[in-house]
Every structure is written in structure tokens, then in C-alpha cells.
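Reading the structure
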Amino acid sequence: NKEMEGAGCMALVTNLCDYEELAKQKLPKMIYDFYAAGAEDQWTLKENRDAFSRILFRPRVLVDVSCIDMSTSILGYKISMPIMIAPTALHKMAHPEGELATARAAATAETIMIYKDRNLVQQLVQRAEMAGHKAIVLTVDAPWLGRREADAKNRFTLPQNVVLKTFEGLDQGKTDKTNGSGLAAYVANQVDRSFSWKDIKWLQTITSLPVLVKGIITAADTRIAIECGAAGIIMSNHGGRQLDYLPATISCLEEVVREANGRVPVFIDSGFRRGTDVFKALALGASGVFIGRPVLFSLAVDGEAGVRNALRMLRDELEVTMALNGCTSVKEITRSHVVTEGDRIRSCSRSTIPTLAAKATKTRARPEGENFALPAIARRLKMVVLQPDPFLSELTSMYERSTEKGSVWVTMKRSSMKCQARLKKMAAKGEAVELRCLVRATDGKKNISTSLSAKEYLKFQASYATVLKAHMHALKKRERKDKKKAAEAEKIPEKAPKKQKKASSSKKSAGSKS
Ligand SMILES: Cc1cc2nc3c(=O)[nH]c(=O)nc-3n(C[C@H](O)[C@H](O)[C@H](O)COP(=O)(O)O)c2cc1C
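Residues numbered from 1 in each chain as written. Predicted model: local features only at pLDDT ≥ 70, side-chain atom pairs only at ≥ 80, totals over all residues.

Considerations on the sheet that holds strand β4 (residues 83-85)
Sheet architecture is open: 6 strands sit in the order β4-β9-β8-β7-β6-β5, paired in parallel fashion. Among the strands making up the open sheet, the edge pair consists of β4 and β5 (136-139). Across the sheet, the axes of successive neighbouring strands diverge by a mean angle of 30°, strand direction being ignored. Summarising the sheet, β4 and strand β9 (residues 288-291) pair through 3 bridges and their orientation is parallel. Considered in β9, the bridge of I85 is made with I291. Lying on the sheet, helix α15 (residues 293-324) is in contact with β4 and β9; it crosses β4 at an angle near 165°. (Pairing = 2+ DSSP bridges. Helix = DSSP H or I, 4+ residues; strand = E, 2+ residues; numbered from the N terminus. Axes fitted to C-alpha atoms, helices over the stretch in contact; angles between N-to-C directions. Contact = placed C-beta atoms within 7 Å.)

Some details on the sheet that holds strand β11 (residues 384-385)
Sheets are built from strands paired through backbone hydrogen bonds, the pairs being either parallel or antiparallel. Reading across from one edge, β11-β14-β13-β12 is the order of the 4 strands in this open sheet, with mixed pairing throughout. Both edges of this open sheet fall to β11 and β12 (409-415), since each of them pairs with a single strand only. Relative to strand β13 (residues 436-442), β12 runs antiparallel, the two sharing 7 bridges. Along β13, the bridge assignment pairs K413 with L438. On top of the sheet, helix α18 (residues 388-401) reaches β13 and β14 (447-452); it is set at about 145° to β14, its chief contact.

Details of the site of the ligand
Near the ligand you find 21 residues, and of these A86, T139, G239, G292 and R293 are the closest. Residue classes in the shell around the ligand are distributed as 7 nonpolar, 10 polar and 4 charged. (Near = placed C-beta within 6 Å. Nonpolar A, V, L, I, M, F, W, Y, C, P; charged D, E, K, R; others polar.)

All we've got here are geometric facts, nothing functional implied.
Written as C-alpha cells, this is what we have:
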């Protein structure tokens, strides 16, 4: 350990992820896994990082970037950069000075969970208020603890006194170095599972501090939170530790920002490791970001100095990103500086549809038996290749748009995703070919596809079945109506010839549709 704390080891640290590597070597496995792991298959944990790689920059050049101002205002308080520390439990497992070291290193945003004993909550909130905290963070995504299988395998138990000692963090409040944005601190595992939206009102009666609601990822909950008087939203999937197969928060940021519509600030966490990630969130409308695990890992490696260094590195990365995008202040970071996957799909269909639609009219008629093939226009549209999850989101949108009118074609086929020439070469060398499932979908306007490995296939099928079931009603409804008409027609003999003809033709069309 002494060696690790030396200058040699620190020279190896050039970004936040390096701290995780070093912490892994330094911490007992049980503790490292408790910090690092996500829930179940850890898909959300991975997606939290992967989602950033699907957002690209559109930089502006030849702007005077000799001076970059990263300061911003959070709930009326000026802070030096739009990066804050997320509430994470049990810092003392990482370092003997625990939360106090973290609080000294930076503005510490901690959390409060709701005990069944409301008197205790009241005492804690008031204690936080007296300690000079500026807001209460109400975590709403943890009424049950997620299934963290690494903890089960390690038979995780809390080292003695760790929980009690973290109360010290609550009283830390505003220290000379916490920059004034410390929030409320508390760690609890006995949460009140019946706590619901109406109880936020109760929370507001026991404190005059603004209440930020942490753990929202949908526009619908954003609307309710604002109606209940939330002073801000912290979008979070708890760093992938609660429910697996949640989307990365960055993928849902725009819809939440749109719903908030400037009424309250929207903050975001889960997976932020780079200055470029921070820039992307600000461009999509976030007022600031929080980081969780990097603080724990840097604390474990080098105590207070480690956390300071982690924050400094992230700050420096954001500064470079702003300069190279032509932004000299946080306000200058706009939506036009980034391109999302959704933007790419939209621009692709906008640019290809008009000309192809004209050509497609000539090739409309298809011989019988080709019902399951993609329509001609879809074959000619440029295929947008997506990751499985964004593919399913886009497919859902297609179904939603086609509920009243239109069709969606989905095809699946086995594919090696390699051209014939490459396959021949591989066969000659005796190399094994990985077979994948190529899934394509089109509504005649957009044409999307994804490729699945054998491992991903079952998971995809389960999600696809859910999407299908959710949109099945549109098909069923039409079929039932036709059957009803046919049945009615059979019952009324005098109208029979006309009705029967109609019924049989509509029955035929419903059959081919489903
Ligand atoms: C070890 C650990 C403990 C956490 N404890 C809490 C907690 O007590 N309350 C809370 O609201 N969030 C808690 N979180 C979630 C963080 O606030 C934050 O949402 C998450 O860590 C952000 O993701 P990141 O670690 O990828 O940056 C915890 C996260 C970790 C890793």
C-alpha cells in the first residue's frame, strides 16, 4: 500500500478510471465489489458508459478560447464548475477519514432516505439544516435494494461502526473548503417502502430547505415531482445498482429537460467519468452533473488528495472540451454542439425519403407471398445500424406512430455480417465464423437494424416480446371489429349479400396484416 501511495503510482493516474484500477488493487475484494458492482447482469452499469459513445460533437472553431469560465449557479449558489459529488454511502470503508475527507476535498452532496420513524427523519433534516446544508436530496429510486449479486457472493457485511460514523458527514455542512453546496447527509438501509409522492409535501412541512428529487428517469415522473414542489430533479439510475435494463440517464435527458421546461433545474448522474461526458450532458440541457464511484475510488487510493485530484482532472478535461468546441462559458454550450443517435436517424430519413418515395411508387406491386419481405422503399432507404437497446426504443416509436394507420415490418435472419469474399477467406484459413441474428425494421419512413450475438439474442427476444405485447392491441382491435361485422352480417339475411361481400374482403385484409 505504501508503494501505491508513492509518487510513482500517482504518475500513472491520468483520468478517473485509473483510480478505479488502483482502488481495485488496494481495497479488499468485498469492499471494491460493493462500490463497483451493479445490479444483476450489470447491463445498465455498462450502458451508462456506452451511451456516451453514441453522442458525437459538432465543434465550432476560430472562437477566442484564451479564457474559459466554467463557473455556474446551482439553486442560487455560485460554484466553480458544473460537477458535483453524488451521495454515496460508506466512505469510511474506502479511507479512515471517510466522508470528512471527501467533504474537505469538495462540495459534498449527500442524501437522506426516509425512515419509517418520521420523528427520526425530522431530527436528521433539522440537524442538516443547522449544519448549514442548502438542500435536501430525496432519493426516490431505492424503496427496495437492487440485487447486487457480487455482494451476495462475497457475503458482504458492514465493517463495524461504519454506518454510525458516517453521521459525522451530516454535521460537516459548510466547511471552509466545501464551496457551499453541501446538501443533507444520511445513510439508512431501513427505508420506508410506502413513501410516495404525497409524502413529499410532509417533507416540505418539516424543512424550509429546497428538496431535490433524485432517481427520476421519465418525463411522467418529472411532471409529478414538479407538481409536488420539487426544487430540482437529479436524473439517476443509481449508477446501475438498482434495477437492471434501465436506459442510461443520458439517453433520457432530453425528454426530462423538455418536461421540466426551465421550471426547475435538471441534474444528472450515472456513468460520468470524462469531461466530454459532462459537456454532452450540458449540451442536452442538464444544469450540472454528479459523480459517484470515482470519488470513492480516488478516496481509497489517496484520501482527500485523491478526491481533489479526481475533481481537478475532470475539471481540466471539461475545460479542454469546451475550448475545442468553441465555448468560453457554460452558457455557450448548446444543443447544436452535439449529435445524438436520434438526430442521425431523423436526418437520415429526412434526406432519403423524398427521392426514394417517388421511385418506390413504381415498384409498389409485390407478388403474392412477399408479405414478409421489406417493402421496396425500405430496402432502398439507408439502413441505420443501432445497438439493441436504441433499436428497441426506435421500434417502439415506430409502433406508436403506426397505431392508427400504417404498418411496421420486422424481419430476422441469420447472418455472419461478413461479405462472401471474407467468408471464403476465413473458410480457407479454417477460421470459425460467428453467426449473428440480423434484425431489421421499417415503417416505410425509417429503416433500422441491429445485430445480435447468440448471447444477446434471448435477452433481446424478451424485450422485443414486451414491446410487441404493448402494441398488440392495435392489431387485435381491427380484427375483432371485422369479425363482429361478419357475424352481424350473417345474422341479418336481407342485408346479407352486400355485408358478406364487405366482411369477406375486410377479413382478408386483416388476416394479411396480422
Ligand atoms: C457505493 C455506493 C453507494 C451509494 N449510496 C447511495 C445512497 O446512500 N443514496 C443515494 O441516493 N445514492 C447512492 N448511490 C448512488 C449515487 O448517488 C449515484 O447515483 C451513482 O453512484 C452515480 O453513478 P456513478 O457511480 O457511475 O457515478 C450510491 C452509489 C454507490 C456506488
